[in-house]
Amino acid sequence: MKAGRADGKPVGSLLEELGRRQLLVVTGKGGVGKSVVAATLGRLLAQRGRRVLLLEVDPRESLHQLLGVDPSGGEVVEAGGGLSLQNLPPRRVLDDVVREHLRLAPLVRRVLNSPVYHHFVDGAPGLKELAVLGHVQRLVQGWGGRRRGHTDLVVLDAPATGHSVSLLAAPRVTAGVIPHGPFGHMATELAELVADPVRCGVVAVTLAEEMPVQETLELLDLLRGRLSRDPQLVVVNGLYPRLAPRRQGASRRNGVELAVRRRRVNDAELARLREHWRGPLAELPMLPLDRGRELVSALAPLLEEALADRVEGRP
Ligand SMILES: Nc1ncnc2c1ncn2[C@@H]1O[C@H](COP(=O)(O)OP(=O)(O)OP(=O)(O)O)[C@@H](O)[C@H]1O
Ligand SMILES: [Mg+2]
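Residues numbered from 1 in each chain as written. Chains lettered and ligands numbered in written order. Predicted model: local features only at pLDDT ≥ 70, side-chain atom pairs only at ≥ 80, totals over all residues. Heavy atoms only, no water.

Participant: I'd like a description of unusual backbone geometry, backed by residues and values.
Facilitator: Its identity is not glycine, yet E61 carries a phi of approximately 45 degrees, on the positive side. With relative accessibility at 18%, the residue E61 sits in the buried group. Unusually for a residue other than glycine, S228 sits at a positive phi of about 50 degrees. Residue placement: S228 occurs in the loop between α10 (210–227) and β9 (233–239). Looking at S228, the relative accessible area reads 62%, which means it is exposed. (Buried < 20%, exposed > 50% of the residue type's maximum accessible area, 1.4 Å probe, protein only. Helix = DSSP H or I, 4+ residues; strand = E, 2+ residues; numbered from the N terminus.)

Structure follows, in structure tokens:
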């Protein structure tokens, strides 16, 4: 990805700036369009030459529908154009860590089958979150199971707001509790990755409605309070169209009237969000399309345009 230079610092579009990272965590309230935005962003960045892996940690497994490919079932699925997809069961990553550190097959079997290990993995707070981030790091370092070629960037279709903050905070918490050994070492490295805005970015997705905006404002507070960082971008998704004003005396069909009211709510909530968030913000419309690759294809140029502003990047 090319970028010009001003005062020694790289400059480029916001999209290019996002694409320079190794990890983009896409989060927001349930149902606001996190998966749609993650898929669209992944597609756009892949089109720009980055080798992108879309990582899904939701066992409901639905991201593949947005790319028009088969479900991953835990494997990396190529989705064309430099984009691939994986649905990750976090437990598998932890098992891999055991395999790597205990190379003797009988020992590995004994540990993986032992109730103590199961209890530890299921009960230890933050361990599954650590596993997800550990997997990301292995991918971008080039040894995480993508068969053909290296992954430049992982776009994580992350869980809803609070869980995502816990995910990002997990390495720091774990490193404090388990400072030594393979998990402690992994936690320290991952805490550095998450704290580094050059390598790790956060994209907050919201609808311009009361509850999602409220949750976005809470996310901003949580990110600042627990991780001392801001998101790189807020995407306001699903905006209703702005309709032309009604001619005097003319009546409106119910559906149109509803859209007008929703847009009024959208504008009020956008303004509320703007009072608290002065950073990069991209608006995406609500499109009359079902969930699927057509939706991603239609949103991609709109998101590209919304991220076309030039920004000064980090060196
Ligand atoms: N801009 C849009 N235009 C039209 N439909 C959209 C748009 N964005 C999202 N949708 C639809 O809204 C629904 C929710 O989107 P999505 O599954 O991406 O949300 P999510 O935040 O990932 O949800 P969850 O929290 O359940 O994972 C889907 O049916 C999706 O197709
Ligand atoms: Mg989702």
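Participant: Now, about the site of ligand 1: what can you tell me, with residues and values included?
Facilitator: Around ligand 1, a shell composed of 16 residues is seen, among which K34, S35, N237, P285 and R291 lie nearest. The contact in question runs from an oxygen atom of ligand 1 to an N or O atom on the backbone of V36, over 2.9 Å. Protein contact buries 77% of the 630 Å² of open area that ligand 1 shows by itself. Taken together, the elements giving at least two residues each to the shell around ligand 1 come down to α2 (34–47) and α12 (293–306). Broken down by element, the shell around ligand 1 gets its largest block of residues, three residues, from α2. The residue inventory of the shell around ligand 1, partitioned by class, reads seven nonpolar, five polar and four charged. (Near = heavy atom within 4 Å. Polar contact = N/O pair within 3.5 Å; in protein donor to acceptor, adjacent residues only side chain to side chain. Areas by Shrake-Rupley, 256 points an atom, 1.4 Å probe, with all protein chains shown as cover. Nonpolar A, V, L, I, M, F, W, Y, C, P; charged D, E, K, R; others polar.)

Participant: Account for the nonpolar core, with residues named and values stated.
Facilitator: Counting residues in hydrophobic clusters, the biggest one holds 54 residues, and the most contacted among them are L23, L55, L156, L168, V236 and L273. Considering each element in turn, this core owes the most residues, eight residues, to helix α7 (residues 127–140). Not counting residues up to four positions away in its chain, the partners in contact with L55 are Q86, L88, V132, H135, V136, V154, V155, L156 and D157. Core analysis: the next-biggest nonpolar cluster, separate from the first, contains 39 residues, V32, V52, V69 and L299 among them. (Core = buried A, V, L, I, M, F, W, Y, C linked by side-chain atoms within 4.5 Å. Contact = heavy atoms within 4.5 Å.)

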